[in-house]
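Residues per chain, in single letters:
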Amino acid sequence: MIYPTQPPLTKGRRKSMVTLNDYGQYETAWCPGCGNFQLLKAVKQALVASNLEPHQVLFVSGIGQAAKAPHYLNANFFNGLHGRSLPAATGAKLANPNLKVIAESGDGCNYGEGGNHFISAIRRNIDITVIVHDNQVYGLTKGQASPTSEHGFTTKAQPSGYPSETFNPIGIAVAMHASFVARGFTGMTDHLAEIIRQAIAHKGFSLVDVLQPCVTFNKTNTFAWYKKRCYELPKDHDPANWDAAMKTAYEWGEKIPLGLIYKCDKPTFEDNFEVLKSGSLVGADTPIETLNEIIKQYR
Amino acid sequence: MIYPTQPPLTKGRRKSMVTLNDYGQYETAWCPGCGNFQLLKAVKQALVASNLEPHQVLFVSGIGQAAKAPHYLNANFFNGLHGRSLPAATGAKLANPNLKVIAESGDGCNYGEGGNHFISAIRRNIDITVIVHDNQVYGLTKGQASPTSEHGFTTKAQPSGYPSETFNPIGIAVAMHASFVARGFTGMTDHLAEIIRQAIAHKGFSLVDVLQPCVTFNKTNTFAWYKKRCYELPKDHDPANWDAAMKTAYEWGEKIPLGLIYKCDKPTFEDNFEVLKSGSLVGADTPIETLNEIIKQYR
Amino acid sequence: MNRERTINIVIGGEAGQGLVTVGGLLSKALVRSGYSICVNQSYQSRIRGGHNTFEIRTGTDEITAPQEKIDLLVALTNETIDIHAGLLGTGSLTVVDAAQNASCKTCFHVPYKELANARSMNIAALGVVSCLLGLDEELIAGIVNESFGKKHPETAEENRAALTKSYEWTKANNSRFEKLPQAPKREGRLMMNGNDAVALGALAAGVKFYAFYPMTPSTSIGLNLASWAKKAGLVVEQAEDEIAAINMAIGASFAGAPAMVATSGGGFALMVEAVSLSGMTETPIVIVMGQRPAPATGLPTRTEQSDLEFVLHSGHGEFPRAVYAPGTVEECFWLTHRAFHTAEKFQGPVFVMTDQFLADTFRAVAPFDLSKYPAVRAGAPLDDIKTPYMRHRFTESGVSPRLLPGFTKHLVVTDSDEHTEDGHITEDLSVRKLMVEKRLKKMKGMMKETVAPELAGVKKADLLFVSWGSTKGSVVDAAAALKAKGQNVSTLHFSQVWPLVPEQFVSALEGAKRVVCVEGNASGQFARLIRRETGFEIKEHVRRYDGLPITPEYIIRNIPPPL
Amino acid sequence: MNRERTINIVIGGEAGQGLVTVGGLLSKALVRSGYSICVNQSYQSRIRGGHNTFEIRTGTDEITAPQEKIDLLVALTNETIDIHAGLLGTGSLTVVDAAQNASCKTCFHVPYKELANARSMNIAALGVVSCLLGLDEELIAGIVNESFGKKHPETAEENRAALTKSYEWTKANNSRFEKLPQAPKREGRLMMNGNDAVALGALAAGVKFYAFYPMTPSTSIGLNLASWAKKAGLVVEQAEDEIAAINMAIGASFAGAPAMVATSGGGFALMVEAVSLSGMTETPIVIVMGQRPAPATGLPTRTEQSDLEFVLHSGHGEFPRAVYAPGTVEECFWLTHRAFHTAEKFQGPVFVMTDQFLADTFRAVAPFDLSKYPAVRAGAPLDDIKTPYMRHRFTESGVSPRLLPGFTKHLVVTDSDEHTEDGHITEDLSVRKLMVEKRLKKMKGMMKETVAPELAGVKKADLLFVSWGSTKGSVVDAAAALKAKGQNVSTLHFSQVWPLVPEQFVSALEGAKRVVCVEGNASGQFARLIRRETGFEIKEHVRRYDGLPITPEYIIRNIPPPL
Ligand SMILES: Cc1ncc(C[n+]2csc(CCOP(=O)(O)OP(=O)(O)O)c2C)c(N)n1
Ligand SMILES: Cc1ncc(C[n+]2csc(CCOP(=O)(O)OP(=O)(O)O)c2C)c(N)n1
Ligand code: SF4
Ligand code: SF4
Ligand SMILES: [Mg+2]
Ligand SMILES: [Mg+2]
């Protein structure tokens, strides 16, 4: 019996460049006009720009409208539980660091149900990219407030307005020195694609929070609302400057900055594990002598 | 049948002042020399200084060595699940805002298992006080790394060193504009008691992160280690100044600041609920006319 | 299933086309006109698009179940026609847009474009159907105005015009479809679905705290409660996750607020640790479990009854619980109300198990007499308190009078660790043993209050259907159909599935020639439970696990051939 | 329970006094000397103080169970004497510090102060006991040196002196206590507890990823694995919570790393959503459930078997699972190893249920021949792959060959929603039905591989003990004692509790005159399961739920009077 063996990510690449066709075109279950379409497009562009073949990439998602996104392109895909994409992605990456692991989910998924995993993933600096479709609302369950909803946002579940303060994912990520923190907007697809490309290329935890209008349930933070406010960070914004990044991270309201807000280079979580230096855990055998040696300690 | 009715917190106080005796003296299950003893003492002092009677106070805790603390004083006490003291405390406070609700637990409980609740409680600005026994280790389960353990901290569970970055609870709390953020040290009991008193008096979410040496499992961050580094914030530290607070919040290493780091006054979570303005939910009846009126909408 | 008595209307189209609106208005009109209804909502886990239906079975007598055969199909897309072709009979009518160019034997082509503008197309469809059914035009118009008038006064006139035009056009053009027989006068009836009734039951019971994390099909319970929060004086909070939701509710309940949570399988999975906490700390909590097809995310918007064993054994360790499984919308109301009383009386977790079908099915129900459903009083009266007060004092019944913190000088202490009578952590293993027995003793009291299963029909039937929860109506309906054919059929329905009291039902099982268990899962969970508790093995089954509700027809089609 | 064959040693004192060290060293010495041992550790949920014991039953023959009666009590505090007084016999000896002023009939006063300094007091106690038992002094000294020599070379000499002095003093002063009979030569035996064996079983099976959140009594499995991680090439990660732990493990397993998690009741409660995920996505995962008394936090450091029903029904919805329940330390090893193969073969959750008693009980075990325990190979060979590749392809057995992402150009896709064969989300309800059936079909294959229960003794016994999991040894021992008294007793022990294959055991149940189910819980969960699956009602029970393990004496004391 022959078992497949994995070509290292850098080797065995086919000669021709990857194209958008490699990632296919599928029918979606989204509402017409939803920002998700642009986001999907940007992700595909970024993958192509990264020259990654579909089988080299593993998407991991949770549950929500956002989390369906990887169903609509060609790639390996583990569509797990609501809120749990980050731990599943972390496990997969540790098992096989040769995979490009991208977690893609909604604001509810990542910052609500999955809040604890979000801060833990930052602290690990695990080398995965997290793309958050941040529509500031729970879409799939029909429009309740999400952690990023504005304080006072009214919904059927919050008829007197959302009583909590808004969660600022960028602020927290920068405050925690996450190694790559960026914001995009679905209304600027090329810019977004380029950010995602950089995030994928980045070694370490990369967050791309994407402002994504939900045309059905968020009548406050609409396409026009974002469009009016969003601006690209000036060239002289230095993402290595934490103080400046913190300031930028808390800019929200009349003006919303887009782009790479903070970035630092530091060891990844994988670097802590000697066993990962020699490659993937998958398929690696432990010699019986090693096992016998371990067992000896019970003599 | 007569059901008890609650005297409002401000009324029905007995004439004499509350004393330490009211809070009793009990045998503990802690190791001799543990910082928890001083913390317990400080909590009692703070309660006495607040002139709160035991029945006016509700402690809520999780599970761990820290979480046992309220067993060792007189008060109402709900000792719930590991990591879940904050939601239980939130529910109790919303049910009966007349209670002084204090959540007391360990670093593992609040920042590990309970991480999501920690950030959510801050966003709610619910009027409870959270006292964290921060020994930078899991005590009760015998010495594994906790979120606040130092990167590289070696334990039996982390023989190659703790691979994550250290969680900075003060940093996150200030970054999120938590309304009262303070740090204490068990080696300075009176100072600690005063901080806790202020936290209890504060209207809104108050965090007191307490450096608490674990003599058994943390041989790195020992009493001497803390003692050498801890200093009281100077009088001119302005807790209302967020930028200054952020700087202070990230001060850690050779010098560790103690005291009230950040404070702001803003509406509490309870303020969002009109029904709470008239007092506690407990025992309140809904008139049958109201119910009938509601049912009418189904005609 | 008698054409003369009931008409089954199916409105089909894409999400976003407003079919739920039309269905809802039509349902209301039917109920106000004195008819009974049974609605079955079928939709996909998406916001727009996909193929959805809103099905109303209606008639003059009580209607207990949905029906598969379609009498009146309102097709908002051509896809609807294709999908449902097989369910139409010769007397059926398919209402289609004349512009759609659909051709079918049953087609009734409506020139919507001539009757209404794009915005009020729905209302035109409503007008057509109302006329076909013989409903009063003024009544419909009133309902439309109630629901749109305030929110969109600008379209009121437009709607009214579309309604009249389409109504009149239909009157002139319909020659085939026989309208509903005259309904009896029925005053004050309510139209609501299972979730509405659960929310109202909780309200009647005096719920003061409700926390949730959205999850289909339970979400609308919270939306109902949230809409009443100010008026009725309760707090509704969307928590960061289900763990927080239930721990908040338990905290609130400990403090004295009657508390509830509702969720579905995956969300409930996150709550089970706290179920055990409720058992250990003896804190009342009502948990509504709206089932849907699993495992994992499964089919979020469909129905199933596959979480019975999960709920029965949820939470580590051993502690008493009660599990209600309403079979009708009315039962959703009074069993939820009862759940609060049971939770308070026995101080622990009490479940109400529904499913997507029941949660979403609208029915006409008689108005509730609220004076018969008193609110819960949290905590014990002072007369019951012995000093020194100990929260977990040993008693005959296992129930310790509970005080609420802050209401007296007595300190109320409890612990998720094993504890002494005063609630403090202990390592005394003899106390442990007594505490286990104390907690389990409460089961006896609960069993005295178990809602007995309902046996309908003779004791020694040739065929006995056993069912639990939402399938009640379909089973009763199937039995009626078989009886009408001369068969000797009875039904035994459980609206409480735990604790079971074998004496209440074993003789019925043993008396029947054949026993068939009808349930919405693949492994026959309730039948297994019956065997575990009584030794009686139910050998024949009708099971369904494709996400659709069990209908009377489905039962009859799937009765196993006699052994 | 024959004084000539076994000696029961109890070392009692406070946490922090080093009694676990003494117990461990003594156990190792006994095993190296060729004796068998059965250790029972009893401790409180605290780090220092409280009263703890380390109990070693030892002898020349195989020892399967702990014993209550104490032959040799090593009392590090006077409290120990008081607590255990009732369990001492006339021939028993109580080793006490002469300075403690304890007076008791069985007291053997050791002048520790004269024999050692404060630091090596423990070692002195070890010397005394070793001499009383007749162990070789050099052997003990070697063991002490192995364990302290490297870490604390400065105390090596001190320890050695204390050992010799106390050993010699005892030789000179003991006239009462009869030493152990000579043990047979037994080469290469290992000393380990249940958790060690679980960890080794996982290692042999090729575990590559282990995630955990600390929880007694499961924690030491992770500590073992962490200590080998570098050498054996695996990743061990302490997660932020149990939810993360199991989702990480499932992610790792999906990517191709054989993965395991271990926890206890409360932690497992947080994992049950992911159990369902494993079932739905057909991703292998091994879950070790170390039981302890519940509900909620319960008694964290004690033992119980009350999570059987919880594990069996954990997770929403219906999907196959296997549940092993090792009865011995050896079974901990090979059933954990087997669990990995079962998980990989049937692609879903597989459980290993232990409890605190089994997790902590040290035994002497024969060395494992690792060549008989091959590692799991994750994923299918290329020969099994049909194109187009579909992760959830329908097959005869229900098992779809799984590929690992990134290893071929085939895309590996799975979903927690109901999905088509290619793993993509679907709302096609006919596919749903087939997928449910596909998943449940795997149960058949699993049943072919169920580890049959072990019947020891005649088929038609007067008394048949039924048991599962950790109580095996005590049941066997109790049966032996009764047989020795002339009774006709058999035992039927289940080391796999799901799926059950009734043909494997029903005749044994039916053949016995009396059947008594022995289990460590209050409601007789396993007996209920047997009834549910076979209809056979076990009417008599021995149950324990005070936190202590079931001993042979406990069984004999609690056999119900004949009906
Ligand atoms: C444990 C659990 N709780 C709740 C749900 C129901 N649920 C599905 S999607 C969703 C919210 C999705 O919001 P978000 O992540 O923001 O994604 P969006 O739909 O807005 O893209 C919820 C609550 C679930 N599937 N699982
Ligand atoms: C759900 C759950 N997981 C794990 C545990 C086991 N546990 C008990 S205490 C504890 C750690 C306590 O650490 P910390 O909160 O820092 O308190 P400390 O003992 O250090 O004071 C853990 C993991 C538990 N009781 N419940
Ligand atoms: S509900 Fe909102 S987020 Fe979901 S598809 Fe529709 S527009 Fe997009
Ligand atoms: S283990 Fe550490 S934290 Fe716990 S009581 Fe002992 S010294 Fe204190
Ligand atoms: Mg969203
Ligand atoms: Mg700690």
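Residues numbered from 1 in each chain as written. Chains lettered and ligands numbered in written order. Predicted model: local features only at pLDDT ≥ 70, side-chain atom pairs only at ≥ 80, totals over all residues. Heavy atoms only, no water.

Here we look at the sheet that holds strand β19 (residues 496-498) of chain C
All names here are of chain C. The criterion, for reference: Any two strands between which DSSP finds at least two bridges are classified as paired. Note on conventions: DSSP H or I runs of at least 4 residues are helices, E runs of at least 2 residues are strands, and numbering of each starts at the N terminus. Throughout, an axis means a line fitted to C-alpha atoms (over the contacting stretch in the case of helices), and angles, computed between N-to-C directions, take values from 0 to 180 degrees. By definition in these notes, contact holds between two residues if any of their heavy atoms fall within 4.5 Å.
An order of β9-β8-β10-β11-β13-β12-β19 is seen for the seven strands of this open sheet, with the pairing classed as mixed. Taken across any chain shown, the strands that pair with only one partner, and hence form the sheet edges, are β9 (235-238) and β19. When strand polarity is set aside, the average angle formed by the axes of neighbouring strands in this sheet is 20 degrees. In terms of strand pairing, strand β8 (residues 209-212) meets strand β10 (residues 259-263) through two bridges, oriented parallel. Looking at the pairing, Y210 lines up with M260 of β10. Lying on the sheet, helix α8 (residues 219-232) is in contact with β8, β9, β10 and β11 (285-291); it crosses β9 at an angle near 135 degrees.

Observations concerning the sheet that holds strand β16 (residues 454-456) of chain D
Residues and elements named next belong to chain D. Strand order across the open sheet formed by five strands is β16-β18-β17-β20-β21, with mixed pairing between neighbours. Every interior strand has two partners, whereas the edge strands, β16 and β21 (540-543), have only one. The average angle at which neighbouring strand axes cross in this sheet is 20 degrees, direction not considered. Both strand β17 (residues 463-468) and strand β20 (residues 514-519) contribute to a ladder of four bridges, which runs parallel. Bridge assignment links L463 to a residue of β20, and that residue is R514.

Describing the interface of chain A and chain D
Spelled out, the test is: Here's the idea: put two parts together, see how much 1.4 Å probe accessible area each one loses, and the total over both is what we call buried area. Here, a salt bridge means any Lys or Arg side-chain nitrogen found within 4 Å of an Asp or Glu carboxyl oxygen. In the analysis that follows, any N or O atom pair within 3.5 Å is treated as a polar contact, provided that within protein one partner can donate a hydrogen and the other can accept it, and provided that, for residues neighboring in sequence, both atoms belong to side chains. For this classification, Asp, Glu, Lys and Arg are treated as charged, while Ala, Val, Leu, Ile, Met, Phe, Trp, Tyr, Cys and Pro are nonpolar and the rest, including Gly, are polar.
With 55 residues of chain A in contact, the opposing surface of chain D contributes 71 residues. Here chain A and chain D share an interface that buries about 5400 Å² over both sides, 65% of which is from carbon and sulfur atoms. Where R124 of chain A meets E240 of chain D, a salt bridge forms, and the shortest distance between an N and an O atom there is 2.8 Å. Taken together, the links from chain A to chain D amount to 26 residue pairs in polar contact (both at pLDDT 80 or more). Of all the elements in the fold, those that place two or more residues in the side of chain A that touches chain D are β2 (76-79), α2 (85-95), α4 (115-124), α9 (274-277) and α10 (288-296) of chain A. The residue makeup of the side of chain A that touches chain D, split by class, is 30 nonpolar, 18 polar and seven charged.

Quick look at the coordination of the magnesium ion (ligand 5)
Residues and elements named next belong to chain A. Definition in use: A donor here means any N, O or S atom no more than 2.8 Å from the metal (3.2 Å for Na, K and Ca); water is not included, so a site may seem to lack partners. Residue burial is assigned from relative accessible area. The probe radius is 1.4 Å, only protein chains are included, and a residue is buried under 20% of its type maximum, exposed over 50%, and partly exposed in between.
For the magnesium ion (ligand 5), the full set of protein donor atoms is D107 (OD), N135 (OD1) and V137 (O), at a range of 2.0 to 2.2 Å. Positions of the donor residues of the magnesium ion (ligand 5), expressed as sequence spacing, correspond to D-x27-N-x1-V. As far as burial versus exposure is concerned, N135 and V137 are alike and both buried.

What to know about the interface of chain D and chain C
Contacts between the two partners involve 61 residues from chain D, matched on the other side by 61 residues from chain C. Buried surface at the junction of chain D and chain C, summed over both partners, amounts to about 5100 Å²; 58% is from carbon and sulfur atoms. Our count for the chain D to chain C interface comes out at six salt bridges. R432 of chain C is paired through a salt bridge with E304 of chain D; the nearest N and O atoms lie 2.6 Å apart. Counting across the interface, chain D meets chain C through 41 residue pairs in polar contact (both at pLDDT 80 or more). Listing elements by their share of the side of chain D that touches chain C, those giving two or more residues are α10 (265-269), α11 (272-281), α12 (308-312), α15 (429-448) and α18 (525-534) of chain D.

Quick look at the domain arrangement of chain C
Residues and elements named next belong to chain C. Quick note on the threshold: For every domain, the bounds stem from an assignment made automatically or drawn from a database.
The assigned domain composition of chain C is domain 1 (6-173), domain 2 (191-372), domain 3 (379-449) and domain 4 (454-558). Using only C-alpha atoms to locate each centre, domain 1 and domain 4 end up separated by 34 Å. Counting residues at the interface gives eight residues for domain 1 and 10 residues for domain 4. For domain 1, the biggest contributors to the area lost against domain 4 are T64, P66 and E68; these three give 65% of the whole. For R557, the salt bridge goes to E68, with nearest N and O atoms at 2.8 Å.

Some words on the site of ligand 2
Here is the rule: Here a residue is near a molecule or strand as soon as one of its heavy atoms is found within 4 Å of it. Accessibility throughout is a Shrake-Rupley quantity obtained with a 1.4 Å probe, and a residue counts as covered only by protein chains that appear here.
Among the 24 residues in the neighbourhood of ligand 2, the closest are listed as Q65, D107, C109 and G139 of chain B together with E242 of chain D. More than a single chain frames ligand 2: its nearby residues are located in chains B, C and D. Between ligand 2 and A66 of chain B, the relevant distance is 2.8 Å, taken from an oxygen atom to a main-chain nitrogen or oxygen of the residue. One nitrogen or oxygen atom from the side chain of D107 of chain B is found 2.5 Å from an oxygen atom belonging to ligand 2. When ligand 2 is considered free in solution it has 580 Å² of accessible area, and contact with the protein chains removes 98% of it. Put simply, the parts of the chain that give the shell around ligand 2 at least two residues each are α3 (107-113) of chain B together with α10 of chain D. When residues of the shell around ligand 2 are assigned to their parent elements, the largest contribution, four residues, is made by α3 of chain B. Among the residues making up the shell around ligand 2, the classes are represented as 10 nonpolar, 10 polar and four charged.

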